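Take a look at the letters that make up each chain.
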Amino acid sequence: MNLERHFNLAQTKATQSLDVLHAANIDGPVPADEYKENSVRRAFQRAQSACFLKEARIRLKQDKVPSSTKKKSAIKPSVRLPFFGCAVSCGFPSPADDYIEKKLDLNEYLIDKPSATFFVRVAGDSMIGVGIHPDDLLIVDRSKEPRNKSIVLAIVNGEFTVKRYICRNSKITLKAENPAYQDIVIVEGMQFEVVGVCTNVIHSLK
Amino acid sequence: MSTPRVLSPATPNVFALVDGNSFYCSCERVFNPSLNNQPVIVLSNNDGCAVSRSDEAKALGIKMGDPLHLIKDIVKRNRVRVYSSNYALYGDLSARMMSTLAQFTPEMEVYSIDEAFLSLDGFGNRDLSEYAREIRRVVRRDTGIPTAIGIGPTKVLAKVANRVAKKNNRNDGVLNLCDRATQEEVLHTLPVEDVWGIGARSAAKLNHVGVRTAKQLRDANLDEMQRLLTIVGRRIVLELRGESCLALEMIQEDRKQIVCSKSFGRPVYTLAELQEAVANYVTRACEKLRRQDGICHTMSVFIQTNRFKDGPQYYNSGMIKMDAGTSSTIRLSAAANRVLEQIFREGIEYKKAGVIFSDIRPSASVQFSLFDDQGQHSQDAKVMKVMDAINARMGRNTLKIGACGNTSPSEAPAWEMQAKMRTPCYTTRWADLLKVK
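Draft legend 1. Structural view of the overall build of chain A. The helix and strand tally for chain A stands at 4 helices and 7 strands. Secondary structure elements of chain A, listed N to C terminal, follow the sequence α-α-α-α-β-β-β-β-β-β-β. Expressed as a percentage of the 206 residues in chain A, the buried residues total 20%. Within chain A, contacts between residues separated by at least 24 positions form 61% of all contacts whose residues are at least 6 apart in sequence.

Draft legend 2. Geometry of the overall build of chain B. The secondary structure content of chain B amounts to 13 helices and 13 strands. Relative to the globule expectation of 22 Å for 437 residues, the C-alpha radius of gyration of chain B, 24 Å, shows essentially globular dimensions. With the principal axes as the frame, chain B shows a C-alpha extent of 65 × 60 × 45 Å. Within chain B, counting contacts between residues at least 6 apart in sequence, those at least 24 apart form 67% of the total.

Draft legend 3. Representation of the sheet that holds strand 2 (residues 40-43) of chain B in the model. Residue and element names in this part refer to chain B. Strands sit in the order 3-2-4 across an open sheet of 3 strands; the sheet is mixed. Whereas interior strands pair on both sides, the edge strands pair on one side only; in this sheet they are strand 3 (50-53) and strand 4 (81-83). Each strand axis lies, on average, 25 degrees off the axis of its neighbour in the sheet, ignoring direction.

Draft legend 4. The arrangement of helix 1 (residues 23-30) of chain B in detail. Residue and element names in this part refer to chain B. Within helix 1, 8 of the 8 residues are buried, which leaves it mostly tucked inside the rest of the structure. Residues of helix 1 that are buried include every one of Phe-23, Tyr-24, Cys-25, Ser-26, Cys-27, Glu-28, Arg-29 and Val-30, and no others. If you follow the buried residues of helix 1, they end up packed against strand 1 (15-20), strand 2, strand 3, strand 4 and helix 4 (87-101).

Draft legend 5. View of the interface of chain B and chain A. Facing 16 residues of chain B, the contacting portion of chain A comprises 19 residues. Looking at the side of chain B that touches chain A, the elements with two or more residues in it are helix 4, helix 5 (128-143), helix 13 (374-394) and strand 13 (434-436) of chain B. Its residues assigned to classes, the side of chain B that touches chain A shows 4 nonpolar, 5 polar and 7 charged. Two elements, strand 1 (residues 117-122) of chain A and strand 13 of chain B, share 3 bridges in a ladder whose sense is parallel. Considered in strand 13 of chain B, the bridge of Arg121(A) is made with Lys435(B).

Draft legend 6. Highlighting the pairing of strand 5 (residues 108-112) of chain B. Residue and element names in this part refer to chain B. Relative to strand 6 (residues 115-119), strand 5 is paired through 4 bridges, and the arrangement is antiparallel. Note that in strand 6 the partner of Glu-109 across the bridge is Phe-117. In this structure, the hairpin formed by strand 5 and strand 6 is closed by a connection of 2 residues.

Draft legend 7. Fine view of the nonpolar core. Within the largest apolar cluster, 87 residues are counted, with the highest numbers of intra-cluster contacts made by Leu153(A), Ala16(B), Ile149(B), Ile151(B) and Val160(B). By residue number, the principal contributor to this core is helix 6 (residues 155-168) of chain B, which donates 7 residues. Those residues in contact with Ile149(B) that lie beyond four places of it in its chain are Ala16(B), Leu17(B), Val18(B), Ala132(B), Ile135(B), Arg136(B), Asn162(B), Ala165(B), Gly173(B) and Val174(B).

Draft legend 8. Up close: the packing of helix 4 of chain B against helix 5 of chain B. Residues and elements named next belong to chain B. For the pair helix 4 and helix 5, interaxial distance at closest approach is 10 Å and the crossing angle is 140 degrees. Classed by the angle they form, the pair helix 4 and helix 5 counts as oblique. Where helix 4 crosses over helix 5, the two elements pack in a sense that is right-handed. Contacts between helix 4 and helix 5 involve Leu-93, Arg-96, Met-97, Thr-100 and Leu-101 from the former and Ile-135, Val-138, Val-139, Asp-142 and Thr-143 from the latter. Residues that form the contact of helix 4 with helix 5 fall into these classes: 6 nonpolar, 2 polar and 2 charged.

Draft legend 9. Broad picture of the sheet that holds strand 10 (residues 294-305) of chain B. All names here are of chain B. Here we have 4 strands laid out as an open sheet, ordered 9-12-10-11, and antiparallel in their pairing. With one partner strand each, in any of the chains shown, strand 9 (258-268) and strand 11 (315-326) form the two edges of the open sheet. Averaged over all adjacent pairs, the angle separating strand axes in this sheet is 15 degrees, with direction ignored. In terms of strand pairing, strand 10 meets strand 11 through 8 bridges, oriented antiparallel. Residue pairing across strands places Thr-298 opposite Lys-321, the latter belonging to strand 11. Helix 12 (residues 329-343) rests against strand 10, strand 11 and strand 12 (350-362) of the sheet, and its axis sits at about 150 degrees to strand 11.

Draft legend 10. Structural view of the packing of helix 11 (residues 271-291) of chain B against helix 12 of chain B. All names here are of chain B. Contact pair helix 11 / helix 12: the axes reach a minimum separation of 9 Å and the direction vectors enclose 145 degrees. Between helix 11 and helix 12 lies a crossing of right-handed hand. For the pair formed by helix 11 and helix 12, the contact residues are Leu-271, Leu-274, Gln-275, Val-278, Ala-279, Val-282, Thr-283 and Cys-286 on the first element and Thr-329, Leu-332, Ser-333, Ala-336, Asn-337 and Leu-340 on the second. Classifying every residue of the contact of helix 11 with helix 12 gives 9 nonpolar, 5 polar and no charged.

Draft legend 11. How the structure looks around the environment of Ser84(B). Residues and elements named next belong to chain B. Tracing the sequence through the fold places Ser-84 in the loop between strand 4 and helix 4. Through-space distance from the C-alpha of Ser-84 to that of Asp-373 is 46 Å; in sequence the pair is 289 residues apart. In this structure Ser-84 touches Leu-43, Asp-47, Ala-419, Lys-420, Met-421 and Arg-422, once residues within four positions along its chain are discounted.

Draft legend 12. Fine view of helix 6 of chain B. Residue and element names in this part refer to chain B. Taking 1.5 Å per residue, 14 residues should reach 20 Å; helix 6 reaches 20 Å between its end C-alpha atoms and fits that length. Summarising burial for helix 6: 11 of the 14 residues are buried, a large majority. For helix 6, the full list of buried residues reads Lys-155, Val-156, Leu-157, Ala-158, Lys-159, Val-160, Ala-161, Asn-162, Arg-163, Val-164 and Ala-165.

Draft legend 13. Structural context of unusual backbone geometry. Residues and elements named next belong to chain B. Positive phi values are uncommon outside glycine, yet Asn-37 reaches one of about 65 degrees. Looking at the secondary structure, you find Asn-37 in the loop between helix 1 and strand 2. With a phi close to 50 degrees, Arg-79 is a non-glycine residue in the positive phi region. Within the fold, Arg-79 resides in the loop between helix 3 (72-77) and strand 4. In this structure Arg-79 comes out as exposed when scored by C-beta crowding, with 9 C-beta atoms within 10 Å.

Draft legend 14. Examining the pairing of strand 3 (residues 151-156) of chain A more closely. Residue and element names in this part refer to chain A. In this structure, strand 3 lies alongside strand 4 (residues 159-168), joined through 6 bridges in antiparallel fashion. Counterpart to Ile-155 in the pairing with strand 4 is Phe-160. Where strand 3 folds back onto strand 4 in an antiparallel hairpin, the turn is made up of 2 residues, including Asn-157, whose phi is positive at roughly 50 degrees. For strand 3 and strand 7 (residues 192-202), the ladder comprises 5 bridges, and the chain directions are antiparallel. In the sheet register, Val-156 faces strand 7, and the bridge partner there is Phe-192.

Draft legend 15. View of the confidence of the model for chain A. Confidence in the prediction of chain A, expressed as mean pLDDT, is 74, and 56% of residues score 70 or more. In the model, residues 62-75 of chain A has pLDDT below 50 throughout and makes 5 contacts with residues more than four positions away in sequence or in other chains.

How each quantity is defined
Residues numbered from 1 in each chain as written. Chains lettered and ligands numbered in written order. Predicted model: local features only at pLDDT ≥ 70, side-chain atom pairs only at ≥ 80, totals over all residues. Helix = DSSP H or I, 4+ residues; strand = E, 2+ residues; numbered from the N terminus. Buried ≥ 20, exposed ≤ 12 C-beta atoms within 10 Å, placed from the backbone. Contact = placed C-beta atoms within 7 Å. Rg over C-alpha atoms; globule rule 2.2 N^0.38 Å. Pairing = 2+ DSSP bridges. Axes fitted to C-alpha atoms, helices over the stretch in contact; angles between N-to-C directions. Nonpolar A, V, L, I, M, F, W, Y, C, P; charged D, E, K, R; others polar. Core = buried A, V, L, I, M, F, W, Y, C linked by C-beta atoms within 7 Å. Parallel < 35°, antiparallel > 145°, perpendicular 65-115°, else oblique. Left-handed = near helix turned anticlockwise from the far one by under 90°. Expected span 1.5 Å × (residues − 1). pLDDT = per-residue confidence, 0-100.

This is the structure we're talking about:
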């Protein structure tokens, strides 16, 4: 009997749910906003549980149900279920639904100021000592002021270079992290500019 | 032109116009420091004319819009560095510049790819010139783009200030025209044609009645100026007097017309090639149209020969009405094909083609006639939505209509523009990233 009541309840809910489905135009384009999507998903799951119960009822009937229950279940609204081209998970809503957080975004982790951040590709091994390899991706933030020992992207005499920025007694040296390379000492008359500070290096292991 | 806004006299307006110096050239310099202090020019679409010139190039006498073939000698003799326009790069750096500027004011109007009006209302207790110098410094640091900033009580005066700041290079590219004395001094020496909104024809009219400087225009009779230059002229005069008539336009209005037209890289002779080119232009225009959620009711298609070349000249255009209005690339491209078949003539050397969408209305305003198939219309909308979504995610032209042709990026079709000296798209393509040692 308990099952019977449950079924009736589920059936009403199912019709309501289908209203929601129609309202959300589920057989049309994919619902745009998340709210709609969530409510549609829940509605569909409810509809599905109703179908599941319906099947249970049929089995009940086959097992010779008392006549009183037969009468009640005689009202059978025709239910048209939408066709989904993709797989939809059955069953009850996930208990994790209430705990959904946004996805982790690497941009957020790697970049402080998008409008001032540029990517460059490393060519050469002058910085291999700090784990900057050829073909690595360097993230450069132009808005950051270099501090002593920052890894910087600089322009020296019209050419870009990545080096460690050493500032001692107001004398600037660009130091390579590879003994095979010489330090660049900045002297008067040189065209020199720090473009930005290298904040991260992305090294692929592929 | 914006409609005049009623302003309470209690809050004096302050506008700053920030503008990137030789913007395209400066963008090229950001990724190629060896161009610093060298003459640089950037060419228009199809490598035709100089559209951006560095100061060094200007000093050599290269004028805005000079065709490359006319300045070949100057370019060669002075080793001018010449580049094709790289709009992917300029667009990205422009967006960076604008978002940097947005940190400095709550209200701003992006006026063009390299210009923005900032409202500095209520910043009066600060030293505005100092503030502007700070803006300049941060934009230069964060984006690499040098700017000039003009400040004034009206947009027209801010524009004047910007122009003078850039020309004279005094005060580190910043000029504040808020006080009367500076205004007098600057307007007295400024030719009237250098005032924002005064074109060559208006300037000729003004010169004819003896108005030659911005100061004379400011002090001219209002009604007389309105007779001469319509209400637009009246507003310019008022703005020169320090009465703000043009408000900031912070919301970009939807376009009433969308044009996509380009010159071909080399002459085109066949209908098939024209159709392919036009299908691509329709595709671009439709993307813009859908971005503003509009539908187009009238489309014109035109084709023409090279005006600067001897030989038979031909120009023709055709118009087609789309009864219910549409934004479907498929429908509009098919319609464009029908127009092309009508206006095409055999044996002509075509140089340029284009499409113009006009009578654009919001898509919500669609009106069906008795014979229109509404189901078809919503079907079209769905298909376009899917196409836009795929292209947004996987890159432009991932999904395109067959009429656009099927050439791989490496083999450019005949009608494609020339851009022989284009630099890599440093900020928008992984394969194009700057390589550093």
